[in-house]
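Descriptive structure summary
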Amino acid sequence: MLNAEKRKTILLLIPVVLILVGYVLYPSIATIVESFKQKGVFSMENYNDFFGEKSAANFEALWNSVYISLLSVFFSALIGIPLAYIFNRYDFPGRQFFSNIAIMPIVLPSLVGVMAFMFLYGEAGLVPNAIKDLFNLSEVPFSIGGISGILLVHAYTMYPYFYMTTSSALNNIDPSLEEAAYNLGSSKFKVFWKVTFPLLTPGLVAASLLVFMVSMASFSAPFLLAGGFRVLSLQIYFSKINGDLEMAATQSVILSVVSISFLLFMRWYQSRKDYRMASKGIGAHRSEVNNPVLKGVMVTLGIVAMIVLLLPHATLLILSLVPEGAWTWQTYPTAFSLENFRLLFEDPNIWDPVRNSLIMTCLACIGVFIFGIITSYALVKRSFIGKNLLDILVMIPWALPATVVGMNLILAFNKPSPFSFGQILVGTFWILPLAYFVRFIPLVVRSTTAVLEQMDDSLEEAAQNLGAKWFYTFRRVVIPIIMPGVLSGTLLAFVQAVGEFPTSVLLYTLSNRPISIEIMNQLRMFNMGQAAAYGMIQVGLIAIVMFIAYRFFGVKSENTL
Amino acid sequence: MSTVNLSEITKQFGNVTAVKGLDLVIKEGEFFTFLGPSGCGKTTTLRMIAGFYFPTKGKVKFNERDMTSVSPEKRNTGMVFQNYALFPHMTVFENVAFGLKVRKINKTEVKRRVEDVLKKVRLEQFIDRQVSQLSGGQQQRVALARALVIEPDILLLDEPLSNLDARLRDEMRTEILRLQREYGITTIYVTHDQVEALTMSDRIAVFNLGECQQVGTPTEIYNKPVNDFVAEFIGETNLLPVEREKQEGEIFTFSSKDLEQTVHVAHTELNIADYNDTDDLYMSIRPEAVEISETPIQAENVFSGTVTLVQFTGESVHTFVKINESVTIKTTALNRGPSTYFKEGTQVYAYLPENHIRVIPEAKGDK
Ligand SMILES: Nc1ncnc2c1ncn2[C@@H]1O[C@H](COP(=O)(O)OP(=O)(O)O)[C@@H](O)[C@H]1O
Ligand SMILES: [Mg+2]
């Protein structure tokens, strides 16, 4: 007899496995298979081409990707760690406010962030031109572009990873450890290097690897800023645009291999025993800054940092008020109005992308919400053979760069397949919501799993003992308890899906183009104002959803990030 | 209300046998305790009664109904979990009402019954509290109320007091017993604490290594243990290996290598347990049965020794008497003032009365 528990497990697993196999595993395999084909015949030729003389460009792109990522880690750490140390260890006027500002880069979708940087510091950017005019220079003193541009944007958008891990690690260090070291006669400097820093290391290593992976996958920054400079994620896009799907597949495989090896390294590192402290919630102990000069320096530093951090947001807001034609060849915008936002409601062409984005993001979010609940529940509360394998499948979309996820879907669904009910999905509306769904599965599963693991099995048993059937228990006991985790994962999925660019650019069609694609189009037409207005709409949507989540469901955005 | 009938129950987890061939009948309205060291299979047995595990072999019956493979939600048992398992997102009222709502009882009736049971556990003023705002003892009471309100046939409690501090534990012991008597529910209580078991139970089943060693009333278990495990686990005892020598009328004599002397034991059912000829035998005597004095005692079973340690616990005094290199006998006497305490190093005589010694076989199974 197959007992009732086993039957339930199997019923739960069927949809989970079908979806993961159909939309994660099968597309990945399709890409690998494609990478071994040339003109439809099996061969290793693509890999030969990649590493061979014939296309030095590919190898160069790989190398560039790696070294940009390494530099990104370096610069992000250089900004994030000291900032976290200062904000968490010293008390000075405005500290709380500045530390809230410090994570602001995270609310800018990547494409929008890059665009703001271009407006600010690019060749025609406001800052270089303002300096030029101010000092009567014949040429702009500096401008970002190519590698410097990419690195600057990466440092700006990725330092929060270091900032947040360092902050939380610092807050979790038991103050008595450092006090013990002082008590034993160590100097301040020695205490930092011998006690504090070693305790921070595990978190820093994790942040480094994360930043490395994110930069390897980074698409928007090179897309807008690279110029002639080649990186691998962008090469994939070019190969696809040129119709060389086989090479795109090969490049995808190689990018994935690099990313996944770093992920595996990270897992291995984290699984090693580290010496994080069990004692928690001691709270930070901050030194009051008494020296008035030092106090002044710190406050000034805080203000300058705040300006630099918020300048992109402010620029975006101001430029969104520039109507079409008022800032093309001119140094500064010449007129301001609410034209761009008015058009949104009047011109269906302008409104369409917003509607598309909303619909597709909501579809994907509903998908990850339901799928996340079921999958996490199966993974945490049910026992079955092959659990580890399922766990890995769930995490694959997280480890894969977005461009690769996009390529996988193209190669799997540009022909009929059982998982698309015999249809060709590429070129239809559904391929994009599907891509968002696949991309953000891991976010919801991870945050839900974290909550489920805290939930004791006895709660379900208690409900059952009181006479509740499985489904009633699931609905009235399990779901309410895990809801905060599910919601914060879904919130994060929403935030990212609204701004998602790499998969959008690979998979959009004219009729389902989302906001990000329209931003790209407006930029191409030098309609900076409308592009900025779209950027503001993305930021606005994100802000509204975060506010609702916080207000009505008590989900704090910091927890999700 | 139900009787519970376990016949030949065995439960295996992989190659671990958690419960072996268990036969038990628990009577209607009885307060029945599973007592044993941790890991001996008490929880596993309880969970088979609740339906969370299905036995590998054997049958579970409530009254005459075979429940062996009935799922938990259809058994109408009320379980109190060790960690209480209160639903954290619900108030006290909602927690207690959960089982009633599942049974589709109408709102006014639910309200009446919840208020009723909360009054019984003395929590009526906390009815709208979130459960996280209650103290440990109060949470315990909510868990009890939640189990009682559905009028279960059987109340199951798995070490319900182990998370409470000593004083609260005493209080809850009386409380649970009061409620059980009031409702008259058949109750199965799991504990590793012998004091709890002895003070609360109508009958006790002593477990070790997945097997039930003995079933009996508290006094039977304490006074007439069937083997060395039960004697040693319940209360304190002095245990020495002995061999049978001969019978002289109403007295048996046993020889003890360690004492280098024979021991005389009365030939009654109270003093000699059932055993087979092949069993290894032990003599057991409770510390409170041993008499000591500084002057020689004229009787059998008198051993001379030295006082090595005197422990004062308040109500009683433990005196350890070293007979020889391998035997030290523990004795206990009620505290009768400082003049009666022995000094360490004093030469004394210890008398083991022949009608207080119990000869028992070694427990079967691996040891
Ligand atoms: N779900 C399980 N899977 C495997 N082994 C188990 C499981 N539950 C209990 N056991 C084993 O069965 C034995 C009895 O456990 P248990 O009934 O919990 O003991 P007790 O409640 O008396 O402390 C132990 O050896 C334990 O390791
Ligand atoms: Mg137990």
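Look up a bit, the structure's there.
This report concerns the structure included in the present document. (Residues numbered from 1 in each chain as written. Chains lettered and ligands numbered in written order. Predicted model: local features only at pLDDT ≥ 70, side-chain atom pairs only at ≥ 80, totals over all residues. Heavy atoms only, no water.)

Some thoughts on the site of ligand 1
All names here are of chain B. Put simply, the rule is: Any residue with a heavy atom lying within 4 Å of a molecule or strand is counted as near it. N or O atoms within 3.5 Å of each other form a polar contact, as long as, within protein, one can give a hydrogen and the other can take it, and as long as residues adjacent in sequence are counted only when both atoms are side-chain atoms. Surface exposure here means Shrake-Rupley accessible area, sampled with a 1.4 Å probe, where a residue is shielded only by the protein chains that are shown. Per the convention used, a helix needs a DSSP run of H or I reaching at least four residues, while a strand needs a run of E reaching at least two, with both numbered from the N terminus. Each residue receives one of three labels: charged for Asp, Glu, Lys and Arg, nonpolar for Ala, Val, Leu, Ile, Met, Phe, Trp, Tyr, Cys and Pro, and polar for the others, Gly being one of them.
Taken together, Phe13, Ala18, Ser38, Gly39, Cys40, Gly41, Lys42, Thr43, Thr44 and Tyr53 make up the full set of residues adjacent to ligand 1. At a separation of 3.1 Å, an oxygen atom of ligand 1 approaches a polar backbone atom of Gly41. Thr43 has a polar side-chain atom sitting 2.5 Å from an oxygen atom of ligand 1. Protein contact buries 62% of the 560 Å² of open area that ligand 1 shows by itself. Considering each element in turn, the shell around ligand 1 owes the most residues, three residues, to helix α1 (residues 42-50). Here the shell around ligand 1 is composed, by residue class, of four nonpolar, five polar and one charged.

Examining unusual backbone geometry
All names here are of chain B. One non-glycine residue, Glu151, adopts positive backbone phi at about 45 degrees. Positive phi values are uncommon outside glycine, yet Glu159 reaches one of about 40 degrees. Relative to the helices and strands, Glu159 is located in the loop between β7 (154-158) and α5 (166-183).

Remarks on a nonpolar patch on the surface
The line we're drawing: Patch members must show over 30% relative accessible area and no salt bridge, and they are joined within 9 Å when carrying like charges or within 5 Å when they are nonpolar side chains of Val, Leu, Ile, Met, Phe, Trp or Tyr. When a carboxyl oxygen of Asp or Glu is within 4 Å of a side-chain nitrogen of Lys or Arg, the pair counts as a salt bridge.
A cluster of nonpolar side chains, namely Ile544, Phe547, Ile548, Phe552 and Phe553 of chain A, defines an oily patch on the protein surface of about 550 Å² accessible area. You can see Ile544 of chain A is positioned in helix α23 (residues 528-553).

Re the sheet that holds strand β8 (residues 186-191) of chain B
Residues and elements named next belong to chain B. The condition that has to hold: Strand pairing is assigned whenever DSSP detects at least two bridges linking the two strands. Here the axes come from fitting lines to C-alpha atoms, over the contacting stretch only for helices, and the angles between their N-to-C directions go from 0 to 180 degrees. In this description, contact between two residues means that some pair of their heavy atoms is separated by no more than 4.5 Å.
With mixed pairing, the six strands of this open sheet are ordered in space as β6-β7-β8-β3-β9-β10. The open sheet terminates on both sides in strands that have one partner only, identified here as β6 (77-80) and β10 (211-216). Put simply, the sheet's adjacent strands are angled 15 degrees from each other on average, direction ignored. Across five bridges, β7 lies against β8 in parallel orientation. Looking across to β8, one finds that Leu155 is bridged to Thr187. In the packing of α5 onto the sheet, contacts are made with β3 (31-35) and β8, and the angle to β3 comes to roughly 140 degrees.

Some words on the layout of surface pockets
Formally: With a 1 Å grid laid over protein atoms only, a set of points is called a cavity when a 1.4 Å probe fits there but cannot get out and a pocket when it is open yet has protein on both sides within 12 Å along at least five of seven lines; lining residues have an atom within 4 Å of a point. Grid points are joined across faces, edges and corners, and a volume is the space filled by probe spheres set on the points.
The computed volume of the second largest pocket comes to approximately 1,100 Å³. What lines the second largest pocket is a set of 35 residues, among which Asn3, Glu5, Lys6 and Arg382 of chain A together with Phe52 of chain B lie closest to the centre. At the level of secondary structure, the elements contributing two or more residues to the lining of the second largest pocket comprise α1 (4-35), α15 (348-381), α19 (457-465) and α20 (470-499) of chain A together with β1 (4-13) of chain B. Per-element accounting of the lining of the second largest pocket gives the leading share, seven residues, to α1 of chain A. Of the residues in the lining of the second largest pocket, the class split is 13 nonpolar, eight polar and 14 charged.

Examining the sheet that holds strand β4 (residues 57-62) of chain B
All names here are of chain B. The strand order across the open sheet built from four strands is β2-β1-β4-β5, with neighbouring strands paired in antiparallel fashion. In this open sheet, the two strands that pair with only one neighbour each are β2 (16-26) and β5 (65-66). Here two bridges tie β4 to β5, and the two strands are oriented antiparallel to one another. Of the residues in β5, the one forming a bridge with Phe62 is Arg65. Packed onto the sheet, α1 meets β1, β2 and β4 and runs at close to 120 degrees relative to β1.

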